[in-house]
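Here is how the chains run, residue by residue.
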Amino acid sequence: MSASPSTPQHDALHDPATEVVDLCRDLIRIDTSNYGDDSGPGERLAAEHVAALLDEVGIESRMVEDVAGRTSLVARWGGSEGKGLLLHGHLDVVPAQKEDWTHDPFAGEIADGYLWGRGAVDMKDFDAILLSVVRARARAGRVPSRPIALCFTADEEAGGHKGAEVIVRDHADLVDDCTEAIGEVGGFTTTVRGQRIYLIEAAEKGMAWMRLRSRGTAGHGSMVNHDNAVTELAAAVARVGAHEWPVRLTPAMEVLLAAVGEIAGTRATPDNAQALVEEFESSARMLGAVIRNTVNPTMFDAGYKVNVIPSEATAHLDGRFLPGHEDEFFATLDELLGPRVEREFISHQQPWESPTESTLMRSITRSILAEDPDAVVAPYLMSGGTDAKHFGKLGMTAYGFAPLRLPADLDFGSLFHGVDERVPVDALEFGARVFDRFLDESCG
């Protein structure tokens, strides 16, 4: 276990909680907006900043680029005992419109006990937690005996094709000794009937970003046209958007809902799964998406003049399918679309699942309970996508664990990619302490 705060190695210089907030502020202030192409500022400046922070404590880094400016960073640390552990974050963020925010999304302002800014929730909070722990331990000479790969990637917000995918495809030697991986979107709290629950990501839905296309007969907008591409596609998209997908419980959600059922005094079943999800209140929208497949229309484009019926219309869908239910997902989707609508993938990535019981999961649980002994720790399935999809191709067991103890009334799920993204300052400090304990538990 970690040494007590009264011991010398946890003075201000060696306490990871001391600098975690400043590290997060500095990362937020580096604009790494990812627009889904290469038109943004890229991740090079952020990668150089992280490399300098690691170099300052004697850890060398290697830059990886497939496209100029779309930079990832990998560093090796730790000893040589046992199999390697990958600790991975990402450097890019989704764009933000300054005028929509209470505080400038790239200023890293602190107000009302929160650090505000794009990436404060996803994902520069975890980058800062990871860096603060590594730097404090390196300064104190508390180097884990286990080999560690530290990875900060580009392009995660657009599927990781110019970041983690490049590392796995072209530079696997930097991480392929790692059998386990820890990344983002887990370890944060939600509250059910006054009971604090830490959600640990143990599974992830598959991703199907798709472009739809319908073709018809072009013509004058004033004439009858029963072969209208816009009408055909609009009807198909409406069917997809209105479809109610059935409940399907995967192992991680069975464990989580069983824990909630115990708190609520009932036994979890597929029939009452939605009711148990509603017990999460502010997190219900997010968790309601992981007991079923989902697909949402997100873009529609057709035509070039009001009195011209175009020969083609396109739309985009964001589809997410549960582990083990991909065939059902696509069979249903194709039935909804009908024979006259074509679809093609923009990104197609497989789901993944890790054991809900494992040595690493037990290390995660012990590190949380050491700081918050009355809490419940449970696995969950995450609705979005992370770089774990790519690193999983190398056979790693993966979990999402960026520990944050949050106020019960904070709708944390709505802050992911949302306006006024923010994280409590004390949650960052808590996360650094817990993650420090986790390295003791899992790495020696």
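Residues numbered from 1 in each chain as written. Predicted model: local features only at pLDDT ≥ 70, side-chain atom pairs only at ≥ 80, totals over all residues. Heavy atoms only, no water.

1. Some thoughts on the packing of helix α1 (residues 20–28) against helix α3 (residues 124–140)
Link 1 in the chain: At a minimum axis distance of 8 Å, the contact between α1 and α3 shows a crossing angle of 135°. Judged on the interaxial angle alone, α3 and α1 are oblique. Relative to α3, α1 is oriented so that their crossing is right-handed. Contacts from V20, L23, C24, L27 and I28 of α1 reach α3 at K124, D125, D127, A128, I129, L131, S132 and R135.
Link 2 in the chain: Of the residues contributing to the contact of α1 with α3, the split by class is eight nonpolar, one polar and four charged. (Axes fitted to C-alpha atoms, helices over the stretch in contact; angles between N-to-C directions. Helix = DSSP H or I, 4+ residues; strand = E, 2+ residues; numbered from the N terminus. Parallel < 35°, antiparallel > 145°, perpendicular 65-115°, else oblique. Left-handed = near helix turned anticlockwise from the far one by under 90°. Contact = heavy atoms within 4.5 Å. Nonpolar A, V, L, I, M, F, W, Y, C, P; charged D, E, K, R; others polar.)

2. A short note on the sheet that holds strand β15 (residues 341–349)
Within a beta sheet, neighbouring strands are joined by backbone hydrogen bonds and run either parallel or antiparallel to one another.
Link 1 in the chain: Taken in spatial order, the four strands line up as β12-β14-β10-β15 in an open sheet, and their pairing is antiparallel. Each edge of the open sheet is held by one strand with a lone partner, namely β12 (294–302) and β15. Recorded for the sheet is a direction-independent mean angle of 20° between the axes of neighbouring strands.
Link 2 in the chain: Packed on one face of the sheet, helix α9 (residues 326–337) meets β10 (206–215), β12, β14 (312–321) and β15 and runs near 150° to β15. (Pairing = 2+ DSSP bridges.)

3. Structural notes on the sheet that holds strand β19 (residues 422–424)
Link 1 in the chain: Strands sit in the order β4-β5-β19 across an open sheet of three strands; the sheet is antiparallel. Two strands close off the open sheet at either side, each with one partner strand: β4 (110–111) and β19.
Link 2 in the chain: Strand direction decides the pairing type here: strand β5 (residues 114–116) and β19, joined by three bridges, are antiparallel. Within the sheet, the bridge partner assigned to W116 lies in β19 and is R422.
Link 3 in the chain: Packing of helix α12 (residues 425–443) onto the sheet brings it into contact with β4, β5 and β19, and relative to β19 it is tilted by some 65°.

4. A short note on the confidence of the model for the chain
Link 1 in the chain: For the chain, per-residue confidence averages 94 on the pLDDT scale, and 97% of positions sit at 70 or higher.
Link 2 in the chain: Counting interchain partners and residues more than four positions distant, the pLDDT-below-50 stretch residues 1–9 has 18 contacts. (pLDDT = per-residue confidence, 0-100.)

5. Describing the side chain of H325
Link 1 in the chain: Within the fold, H325 resides in the loop between β14 and α9.
Link 2 in the chain: A distance of 3.5 Å separates the side chain of H325 from the side chain of E328, its partner in a polar contact.
Link 3 in the chain: The residues contacting H325, other than those within four sequence positions of it, are R248 and N293. (Polar contact = N/O pair within 3.5 Å; in protein donor to acceptor, adjacent residues only side chain to side chain.)

6. Some words on unusual backbone geometry
Note: most residues except glycine have negative phi, and most peptide bonds are trans.
Link 1 in the chain: Of note, the bond from D122 into M123 is cis; its omega dihedral lies within 30 degrees of zero at 25°.
Link 2 in the chain: With respect to the helices and strands, the residue M123 is situated in the loop between β5 and α3.
Link 3 in the chain: A positive phi angle, near 60°, is found at D112, a position not held by glycine.
Link 4 in the chain: Take D112: it is sitting in the loop between β4 and β5.
Link 5 in the chain: In this structure, V185 takes a positive phi of about 60° despite not being glycine.
Link 6 in the chain: With respect to the secondary-structure elements, V185 resides in the loop between β7 (178–183) and β8 (188–192).

7. Considering the pattern of salt bridges
Link 1 in the chain: Under the defined criterion, the tally for this structure stands at 38 salt bridges.
Link 2 in the chain: Between R193 and E279 there is a salt bridge, with its nearest N and O atoms 2.7 Å apart. In this pair, R193 sits in the loop between β8 and β9 (195–204) while E279 sits in the loop between α7 (273–278) and α8 (284–287), placing the two residues 86 residues apart along the sequence.
Link 3 in the chain: R193 gets classed as exposed once you look at its relative accessible area, which sits at 56%.
Link 4 in the chain: Its relative accessible area of 18% is what places E279 among the buried residues. (Salt bridge = Lys/Arg side-chain N within 4 Å of Asp/Glu carboxyl O. Buried < 20%, exposed > 50% of the residue type's maximum accessible area, 1.4 Å probe, protein only.)

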